[in-house]
Amino acid sequence: MLSDVKIVLVGTTHPGNIGAVARAMKNMNMSQLCLVAPKIFPSADATARASGADDVLAGAMVCQTLQEAIADCRIVFGASARSRTISWPEMTPKECAEEIFVRRPGHRAAIVFGREHSGLTNEELDLCRYLVHIPCNPKFSSLNLAAAVQVVCYELFVAAGIDDRNAIGDKGEHPLATSAQMESFYAHLYQTLIDTGYLQVEQSKSTMRRLRRIYNRAQLDTKEVDMLRGILRMTQGEHRN
Ligand code: SAH
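Heads up: these notes are all about the structure in this document. Since this is a predicted model, take the numbers as computed values, not measurements.

Considerations on the pairing of strand β6 (residues 109-113)
Along any regular strand the residues' side chains alternate between the sheet's two faces.
So, step 1. With five of five residues buried, β6 lies mostly within the body of the structure.
So, step 2. Neither face of β6 is left uncovered, since the one carrying A109, I111 and F113 and the one carrying A110 and V112 both have all their residues buried.
So, step 3. Pairing geometry for strand β1 (residues 5-10) and β6, over five bridges, is parallel. Residue pairing for β6: L9 is matched across the bridge by F113.
So, step 4. Pairing analysis gives four bridges linking strand β4 (residues 75-79) to β6, with the strands arranged parallel. When the bridges of β6 are listed, I75 appears paired with A109.

Here it is as structure tokens:
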């Protein structure tokens, strides 16, 4: 359902863009908006640009960190105008919408959009499982924030229609782990790798980023994360003995 999908805006500078995003979302029957450390909010500019989507603005959740915003989400996409040096698995908005509504129906998802001037940092993208890129002129690939949200929400709206025609349900399997569960797992993994001497603090950043890529590809469910945490606990115990 469209209400399972959260649009997250990180560090938005212009409040007018927040209003335009609310409008773009309401046009596509979406309402879950989350603002991470917006520069100015609430604001008359945001309300003016929302043009009647005031309810979406009023219902917006404001957080200080991206971790907080996506803690309850099981699938997280980072929207990026650029390709990155370390490759994140990349999808088009259509593929992203199909992943959410056709392949993973019933899973809470977030799509994260970056700052107008600098986009998302690599550390923020580390929290995302996939990258979503809107194909466009490679020499002029940065869309206005609300325009980017509009394109993605349109594809979500179309795919949600397909979802309505399909039976919703997870066929008795375990749901994917939430972002909060994955972050606790990475913290546990990091500590274990340090304790066992595999990892030195100085080179930990790039190794941890590579490990995230591996586990992201595996699309772990809650039961699998529990199992891996159990293995880490035993490994730490062994090491201490
Ligand atoms: N100058 C920034 C782009 C900022 S545009 C940069 O180079 O990264 C603001 C946000 O809109 C981006 O962070 C991204 O989330 C979204 N966006 C803009 N163009 C996009 C595109 N072609 N594909 C996916 N997201 C895009």
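There's more to say after this.
Overview of the nonpolar core
So, step 1. Core analysis: the largest hydrophobic core is formed by 43 residues, its most contacted members being I7, L9, L33, I111, F113 and L156.
So, step 2. Broken down by element, this core gets its largest block of residues, nine residues, from helix α7 (residues 145-165).
So, step 3. With residues near it in sequence (within four places) discarded, I7 still touches V21, M25, M30, Q32, L33, C34, I111, F113, V149 and C153.
So, step 4. C63, C73, V76 and A110 belong to the second-largest nonpolar core, a separate cluster that totals 18 residues.

Parameters at a glance
Residues numbered from 1 in each chain as written. Predicted model: local features only at pLDDT ≥ 70, side-chain atom pairs only at ≥ 80, totals over all residues. Heavy atoms only, no water. Buried < 20%, exposed > 50% of the residue type's maximum accessible area, 1.4 Å probe, protein only. Helix = DSSP H or I, 4+ residues; strand = E, 2+ residues; numbered from the N terminus. Pairing = 2+ DSSP bridges. Core = buried A, V, L, I, M, F, W, Y, C linked by side-chain atoms within 4.5 Å. Contact = heavy atoms within 4.5 Å.

Without other data, these values stay purely geometric and don't point to any function.
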